[in-house]
Amino acid sequence: MSARRGASASAFRSSHPNVAPACAVIVGDGVVCSVEPFYEYTLGACLRSGGNPFANDAAKASLAAFQLCRALAHAHEKNLAHGNLSVDCVCLSTLSGDAVGVPFVQLSGMHNSPHARDGEVGPCREIEVMAASLKQRQTVETSARHLTSAWRVGAISNLEYIAKLNELARRGKDRAYYAVAPWVIDFKEFPFDASTDSLRGARDLSKTKWRLTKGDEQLDFTYRNTTPPHHVSDDCLSELGACIALARRTPRSTLARVVRANFVADEYPKDIARLFEMSPDEAPIDFYLNPNVFTSIHEDMRDLSLPSWSQVGEGSADYFIKIHREALESKAVSDNLHTWIDLTFGYATYGRAAFIAKNVMVRDDEKSKLKSSGRFCIFHAPHPKRSAGEIPRAVPAVNTEDDLCDAVETIIKITEPSLRNVQEKDLRALGRVLGAIYAGAPCPAHSDDTPSSVSGLFNKSPMKSISDGLFDDIDRTQVLFKSLKYWLNRMPVEARDVVKLLMDSPKPIAASAVRDSVLFSTDIRSAAMVLGNLRTAHESRAARIMIADDALKGVSPTVAHLVLGDICPEVESYVGGKPLAAKDEMEVAMCLSSLVVTACGVASRRDVIDMIVPLVLRAVSAPSACLNAEGPTLKRELFDMAVLRALRKATGAATFNRIFIPVLIACLQPKFCSAEEVARVTCGLTFIAKSSPLPVALRRIVDVLRKALKSNRDDTSSGAHVLVADILASLAKSLGPQSEAFIFKASTASAPSVLDHLDEWHQRSSNDRNNAGAWGWLPRDVSDHEEDDETETITMSSVLANAGAVDDDPWRLHVAALTSWRVHSRIARPSAQTLSVSADERLFLTNGVTSRGDNVVRVWRTSGPEGENSSGAMSAYTGHEATVRASMFLDFVNDHEGDVSRACSCDDKGYMHVWNTNSDHIWQFYSRDAGGFESMCVYDGARGSPYVAGGTTNGGVLIADAGAGKIFRQFKCPNDDAASATEVEALHASTDGLVYASNRFGYMCGFDLRTSGVVFDVKAHDGGVNKIVSPSSKSYEILTASDDMTVALWDVRMIDTRGDAKKRFDGRVRTFRGHQHEVRDIAVSTKGDVFSVSGATIGVFALTSSGNEKVARFSPLSVYGEQTPFCAIQLLSSSRLFATLRCDGVLSVCR
């Protein structure tokens, strides 16, 4: 046996970036042995651990599939074959080495394959291989299938089976993921009764231990009131639970770290019965194996007491282990163990089955984060029941250690099939792996890779795809068949066709054909090339940043998404660690600023917000070792005006202001920034103030700086007071003379609650407004209070560091109109039907009818009417020839400065238009079969592509691409009777892919864009639903306003989708009453304050102040001297203002 050398060694070297390299390859006479690097993450481990590295990201899935096809095609072109390809051979890694980033795929196991030859293609031959290598190459699916078959017929015991499942699930001696076994008895009495087969004190194995301990009521409450919703907050045997159960054998330092820093022995359970009663975790497997686990190694902690029936003297622990093990092997447990396996290692760990079993575990916020451990799903279909009887009570001991010593030195002879046959086996395995990538789950197991058996996956005879009678019951066979069909249906159509060609054809297509197929776009191929180049740049981070910067120039958003997802986590981790050396910081700063500008020009808005912005924030907040050094620094380069302008344009003014104003203000401290950096910050704040509406600039910048200037005036040692005063003077000069009164007289005190200052309504008439230029109507007394003792005690540093806390201040409501003007003519029926405000709070949008009867949509500045035309509107869109029913801003489309620049509108003849705010037409489409439009909503692309949804007069919902104007989804509201088929009067799009629609009879339904199906159909109100909004960041909560004079809060997770819609009001969490007329519109602040309009009154109430009451009441505010009803209300949250629209076409801005 010798190391592979010379020309023949080329087949074993990693000559391809997607083939895992071998550290060493030893080849003898037919014996192949290699050493490969350790890869923490494999595709199989990630999928079974509940993670999906490609979740909701088709580009990442296609990139991974392309890299895998490229690696296998390379091997086959070299006359090599893998022979054991599976999801466990697909290694995933990121550029940063952490669990976050774009997974780079490498195919492992090539060098351990006996099918690696020196280029010849021959017939079958007999070779020698090490037995250990065969065992190590056995896949998880194969192991689980064979183990289950053996367990079913009684060839292995319950404990042996559970121990092997723990191995497959990567559970062992690590207390974070300790080997687990079920509790089966409560230890109150001797478990066996000679007269019956029953087990005394038996535990219900059809429910999790967490459910048995907490109770269904508590789990339901937890699911309804947590984000993300879940029943179980930790693993079936958490690190905390393992440390408590094994406290007698756990080092004191570990107990202090995991359980409690102050070690108190008496706080741990004293006996095993008490441990079973109070713990929501399952049992460590040691409780069935090791009698020493009950003996304490701590002097001040007594041994764990065993049940009285096991007290037989010195051998009590051994006797307890014997009886406990026999209870586990009893017929009562064997008949029900499959249900526990479903809950712990099976299909009931995720999806609908987990919800029914109250077994939904809290998930990581980062769904695409790589995982190699945790909740591990081995079986994706219901586990079969054991068919054998009770195992004899004299069961053999289980050896939990890896017993490979003999196998390592054992050489056995195997018959190797021909290279062609093995390559065909690779191709069929490739189909299963590609399907796992696109479906986000491993392929359900089947018997063989021959075409005859694989064809059973896709025909009407599911029995052909089942192996060894594993699921021989007819009903379970049908369940598995449905699982295979469901697995295929989770893939895109193009990927599904390729998977079928690989798995179901008599002769599968070649890997090179898949690699070169249209399944992979040019963008995917380009991104794979760039990712490979990034991994070859070993010089420095700056070099990789430069490669990424150069690669991003002129690319599509898809390529930018993948490249940024790869480079950003690495750079963020690098700059956020220990302070960089002066030379390293200079290099990274110059390259990083260029990368940010380039990325902002080509990446999507969502990618800039999710990847570039966190990177910039991490870089500017990182400690610097060269504060006073000359030359580029991270703050100096990233606060450059070119970078700030690029970020504002890419993210939008509203998002940019919310994120970067607090960051810039926090840097106004000489101890954190150099003089040149402070100068950059000053220019940035001035730029933001000049480009933002005056109320936003005053509240977010001026008020914070004035509060900092007034705080702790005796402490002037840092020099920050002089710096802040100079910036205020600079802002006053830049904003013009009208701002000086606000800057030098405004107050910044905050009221404790939005409901504490409801003053009398004093509305100004439309002829009484202040005409002293833009924002001339803003009152000089911005606040009712001056800072008292609190301002004197708070430090300036804390004010500057917490500038973002201004969003948490309660809304001080005066209920006073500051200015009013008519936006549309006065006619018999309501003319101004909708009101919309742009996200940056610069513009209003109204639609109605002119005095000549023309349909028009007008754009207004929030500062008031202008003299640009006769109406005072900034622009007017007259492209509709029918009555405009709804209009909204497209907040995700910005101009070159980052301001909202596009709007959309629809009419009752079936036309939807998208146009610029300067009234230039962009696109339109006509709904030929859907009738006219009645309502609309806009989704900003927070978790996908932005779209516009329109509700039609015949109960339909059309979803159109907001950029191209093409319909890509159509839904129809359920029409069980004539009532439910009426027009859609309200629409709302949530961030989790659901679209809610309602009609004038009070029915509301939800559509899932991912599955194109109806999620629920519920009777929501006794009258028509006029508005649907999301009251918080919780995507499952919605708020509805109705003609039945109520506002309702809903939890859509609680809606029973299996009942009768006519008899249901389920899912309603709370009802708000107080209005005497129909509720026309509602708006919700970020703090959960609800504003509603009904008749000539305004309702103001807080969602969080109602407790758990099912019905909450409030008193609406009557408008003094005003009898005209309102039809719409909108909030300007950053300005702490709100706007109302009356049915006679008068718009008012209020505070």
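Keep in mind the model is a prediction, meaning the values are calculated, not measured.

Thresholds, definitions, all that
Residues numbered from 1 in each chain as written. Predicted model: local features only at pLDDT ≥ 70, side-chain atom pairs only at ≥ 80, totals over all residues. Heavy atoms only, no water. Pairing = 2+ DSSP bridges. Helix = DSSP H or I, 4+ residues; strand = E, 2+ residues; numbered from the N terminus. Axes fitted to C-alpha atoms, helices over the stretch in contact; angles between N-to-C directions. Phe/Tyr/Trp six-rings, centres within 6.5 Å; stacked < 30°, edge-to-face > 60°. Buried < 20%, exposed > 50% of the residue type's maximum accessible area, 1.4 Å probe, protein only. UniProt positions renumbered as here; feature names shortened; annotations may be inferred. Polar contact = N/O pair within 3.5 Å; in protein donor to acceptor, adjacent residues only side chain to side chain. Salt bridge = Lys/Arg side-chain N within 4 Å of Asp/Glu carboxyl O. Contact = heavy atoms within 4.5 Å.

Caption draft 1: How the structure looks around the sheet that holds strand β17 (residues 902–907). As summarised here, the arrangement of the four strands in space is β16-β17-β18-β19, forming an open sheet in which the pairing is antiparallel. For this open sheet the edge positions go to β16 (884–889) and β19 (921–926), each flanked by a neighbour on one side alone. Mean inter-strand twist for the sheet, computed between neighbouring axes without regard to direction, equals 15°. Of the pairings in the sheet, the one linking β16 to β17 comprises five bridges and is antiparallel in character. Counted as the bridge partner of Val884 is Asp907 from β17.

Caption draft 2: Highlighting the packing of aromatic side chains. The tally for this structure, following the rule as stated, stands at 29 aromatic pairs. Between Phe1101 and Phe1114, the ring centres sit 4.6 Å apart and the planes meet at 25°, which makes this aromatic pair stacked. Residue Phe1101 is located in strand β34 (residues 1097–1102), and its partner Phe1114 is located in the loop between β35 (1111–1113) and β36 (1117–1118); the two are separated by 13 residues in the primary sequence. In this structure, Phe1101 and Phe1114 share a single accessibility class: buried.

Caption draft 3: The arrangement of the UniProt feature "repeat: WD" (unreviewed entry) in the protein chain in detail. Cross-referencing UniProt, the feature "repeat: WD" (unreviewed entry) maps to residues 1018–1053 in the present numbering. Secondary structure content for residues 1018–1053 is 0% helix and 53% strand, while the C-alpha to C-alpha distance between its ends is 12 Å.

Caption draft 4: Representation of the sheet that holds strand β23 (residues 967–972). Pairing is antiparallel across the open sheet formed by four strands, whose spatial order is β20-β21-β22-β23. Single-partner strands in this sheet number two, and they are β20 (933–939) and β23. This sheet shows a mean twist of 20° between the axes of neighbouring strands, independent of strand direction. Here strand β22 (residues 956–961) pairs with β23 via five bridges, running antiparallel.

Caption draft 5: Unusual backbone geometry, seen in detail. Residues other than glycine seldom take positive phi values, yet Phe187 does so here, at roughly 70°. Relative to the assigned elements, Phe187 resides in the loop between β8 (180–181) and α6 (209–214). Taking relative accessible area as the criterion, Phe187 reaches 4% and is therefore assigned buried. Phi at Arg1136 is positive, roughly 55°, even though this residue is not glycine.

Caption draft 6: The side chain of Ser998, seen in detail. In this structure, Ser998 sits in strand β25 (residues 994–999). Reaching out from Ser998, the side chain makes a polar contact with the backbone oxygen of Val1025 at a distance of 3.4 Å.

Caption draft 7: Layout of the pattern of salt bridges. Per the counting criterion, the structure on display carries 32 salt bridges. Note that Glu676 and Arg636 form a salt bridge whose closest N and O atoms lie 3.5 Å from each other. On the criterion of sequence distance, the pair formed by Glu676 in helix α29 (residues 675–691) and Arg636 in helix α26 (residues 634–638) is long-range, its members being 40 residues apart. For Arg636, a relative accessible area of 4% corresponds to the buried category. Across the salt bridge formed by Asp899 and Arg842, the nearest N and O atoms sit 3.9 Å from each other. Linking Asp899 in the loop between β16 and β17 with Arg842 in the loop between β12 (834–837) and β13 (843–849), this pair joins segments that are 57 residues apart in sequence. For the pair formed by Asp899 and Arg842, the shared burial category is buried. Here the salt bridges do not stand alone but share partners, grouping Arg636, Asp640, Glu676 and Arg680 into one network.

Caption draft 8: Geometry of helix α13 (residues 337–345). Of all nine residues in α13, eight are buried; the element is thus mostly enclosed. Residues of α13 that are buried: Leu337, His338, Trp340, Ile341, Asp342, Leu343, Thr344 and Phe345.

Caption draft 9: Representation of the environment of Thr344 within the structure. Relative to the helices and strands, Thr344 resides in helix α13. Residue classification places Thr344 among the buried residues on the basis of a relative accessible area of 8%. Each C-alpha atom of the pair Thr344 and Cys236 lies 6.9 Å from the other, and the pair is 108 residues apart in sequence. Thr344 has contacts with Val180, Cys236, Thr349 and Phe376, leaving out every residue within four places of it along the chain. Of note is the side chain of Thr344, whose polar atom sits 2.9 Å from the backbone oxygen of Trp340.

Caption draft 10: Region of the structure containing the pairing of strand β30 (residues 1046–1051). Of all six residues in β30, six are buried, a share of seventy percent or more. Here β30 shows no split at all, with Thr1046, Ala1048 and Trp1050 on one side and Val1047, Leu1049 and Asp1051 on the other all buried. Pairing between strand β29 (residues 1037–1042) and β30: five bridges, direction antiparallel. When the bridges of β30 are listed, Ala1041 appears paired with Val1047.

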